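Here is how the chains run, residue by residue.
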Amino acid sequence: MEVGQMQRRLLEYTKSLFMEGVLDNQFLQLQQLQDESNPDFVAEVVSLFFADSERLLNDLTRALDQPTIDFKMVDSHVHQLKGSSSSIGAERIKNACVAFRNFCEEQNIEGCMSCLQQVKQEYCLVKNKLETLFRMEQQIVAAGGSIPMMELSF
């Protein structure tokens, strides 16, 4: 596949992530911070997000599995996950965390358990989609091309 075609596929794929609500404009702002001096900036930030999110999801699973649930601690973990997902533009995770926090406030165990599953599903979706995006970018660079920037108007 020629570079121009790969670049068009990348732009179409990236646009689909915004149209599906997987990402928001914060991700574009993150991309704008990347330059020649730090070409892997976005991938590094997202990699840190993945590691932090997996730790928080494990902490949440353990916290909700206790005989007596500390809803303040659960809420604190959800708040951290909401903040980090918001900072990379992972809109669907952020939105699921908003609902999760409401159930924490109500001390609703069933609602929290349901939201935990929803957040885990959204996390897996975002992780798979971003890993695909980064693979596409690597293929373009390996073929001698440059990564096209997404336009803000779509």
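Note that the structure is a prediction, hence the values are computed from the model and not measured. (Residues numbered from 1 in each chain as written. Predicted model: local features only at pLDDT ≥ 70, side-chain atom pairs only at ≥ 80, totals over all residues. Heavy atoms only, no water.)

### Comments concerning the overall build of the protein
Then, in step 1: From N to C terminus, the protein includes 6 helices and 0 strands.
Then, in step 2: Along the protein, from the amino end to the carboxyl end, the secondary structure elements read α-α-α-α-α-α.
Then, in step 3: By principal-axis analysis of the C-alpha atoms, the protein measures approximately 55 × 30 × 25 Å.
Then, in step 4: Split into buried and exposed, the 154 residues of the protein put 40% on the buried side.
Then, in step 5: A fraction of 68% describes how many contacts in the protein between residues 6 or more apart in sequence connect residues 24 or more apart.
Then, in step 6: In the structure as shown, the protein presents an accessible area of about 8600 Å², 49% of it carried by carbon and sulfur atoms.
Then, in step 7: With 14 positive and 22 negative side-chain charges, the protein shows a spacing of 3 Å between the two charge centroids. (Helix = DSSP H or I, 4+ residues; strand = E, 2+ residues; numbered from the N terminus. Buried < 20%, exposed > 50% of the residue type's maximum accessible area, 1.4 Å probe, protein only. Contact = heavy atoms within 4.5 Å. Areas by Shrake-Rupley, 256 points an atom, 1.4 Å probe, with all protein chains shown as cover. Lys, Arg positive; Asp, Glu negative; His and termini not counted. Charge placed at Lys NZ, Arg CZ, Asp CG, Glu CD.)

### With respect to the packing of aromatic side chains
Then, in step 1: Within this structure, the stated rule accounts for 3 aromatic pairs.
Then, in step 2: With a centroid separation of 6.4 Å and an interplanar angle of 55°, the aromatic rings of Phe49 and Tyr123 are classed as tilted. Linking Phe49 in helix H3 (residues 41–64) with Tyr123 in helix H6 (residues 109–142), this pair joins segments that are 74 residues apart in sequence. When sorted by exposure, Phe49 lands in the same class as Tyr123, which is buried.
Then, in step 3: The class for Tyr123 is buried, based on a relative accessible area of 6%. (Phe/Tyr/Trp six-rings, centres within 6.5 Å; stacked < 30°, edge-to-face > 60°.)

### Topic: the UniProt feature "modified residue: Phosphohistidine" (unreviewed entry) in the protein
Then, in step 1: As recorded in UniProt, the feature "modified residue: Phosphohistidine" (unreviewed entry) lies at His79.
Then, in step 2: Structurally, the position occupied by His79 is in helix H4 (residues 71–88). (UniProt positions renumbered as here; feature names shortened; annotations may be inferred.)

### So, empty space enclosed by the protein
Then, in step 1: Counted by the stated rule, this structure contains 1 cavity of 30 Å³ or more.
Then, in step 2: Surrounding the largest cavity, Leu10, Leu11, Thr14, Gln31, Leu133, Glu137, Ile147, Pro148 and Met150 form its lining.
Then, in step 3: When contributions to the lining of the largest cavity are tallied by element, the ones reaching two or more residues are helix H1 (3–19) and H6.
Then, in step 4: Taken together, the residues that form the lining of the largest cavity break down as 6 nonpolar, 2 polar and 1 charged. (1 Å grid on protein atoms, 1.4 Å probe; cavity = no way out; pocket = protein on both sides within 12 Å on 5 of 7 lines; lining within 4 Å. Points joined across faces, edges and corners; volume = space filled by probe spheres on them. Nonpolar A, V, L, I, M, F, W, Y, C, P; charged D, E, K, R; others polar.)

### A closer look at the nonpolar core
Then, in step 1: Membership of the largest hydrophobic core comes to 43 residues, with the highest contact counts inside it found for Phe27, Val46, Val74, Ile93, Phe100, Val119 and Leu130.
Then, in step 2: Those elements giving two or more residues to this core turn out to be H1, helix H2 (25–32), H3, H4, helix H5 (91–106) and H6.
Then, in step 3: Looking at which element gives the most residues to this core, the answer is H6, with 11 residues.
Then, in step 4: When residues no more than four places from it in sequence are discounted, the contact partners of Leu130 are Leu23, Phe27, Val46, Phe50 and Ile88. (Core = buried A, V, L, I, M, F, W, Y, C linked by side-chain atoms within 4.5 Å.)

### Examining the pattern of salt bridges
Then, in step 1: Under the definition given, this model contains 9 salt bridges.
Then, in step 2: Between Asp59 and Arg55 there is a salt bridge whose closest N-O contact spans 3.3 Å. Placement of the pair is Asp59 and Arg55 together in helix H3, with a separation of 4 residues, close to one helical turn.
Then, in step 3: Where Glu122 meets Arg92, a salt bridge forms, and the shortest distance between an N and an O atom there is 2.9 Å. Of this pair, Glu122 sits in helix H6 while Arg92 sits in helix H5; the two residues are 30 residues apart in sequence, bridging distant segments of the chain.
Then, in step 4: Each of the salt bridges in this network shares a partner with another, and the network as a whole consists of Asp52, Arg55, Asp59 and Arg62. (Salt bridge = Lys/Arg side-chain N within 4 Å of Asp/Glu carboxyl O.)

### Section: the packing of H5 against H6
Then, in step 1: Axis separation between H5 and H6 bottoms out at 9 Å; the angle between their running directions is 170°. As the angle between them shows, H5 and H6 are arranged roughly antiparallel. Judged by residue contacts, Arg92, Ile93, Ala96, Cys97, Ala99, Phe100, Phe103 and Cys104 of H5 engage Gly111, Cys112, Cys115, Leu116, Gln118, Val119, Glu122, Tyr123, Leu125 and Val126 from H6.
Then, in step 2: When its residues are assigned to classes, the contact of H5 with H6 shows 14 nonpolar, 2 polar and 2 charged. (Axes fitted to C-alpha atoms, helices over the stretch in contact; angles between N-to-C directions. Parallel < 35°, antiparallel > 145°, perpendicular 65-115°, else oblique.)

### Brief notes about unusual backbone geometry
Then, in step 1: Look at Gln107: it is not a glycine, yet its phi comes out positive at around 55°.
Then, in step 2: With respect to the helices and strands, Gln107 occurs in the loop between H5 and H6.
Then, in step 3: The exposed category is assigned to Gln107, whose relative accessible area is 53%.

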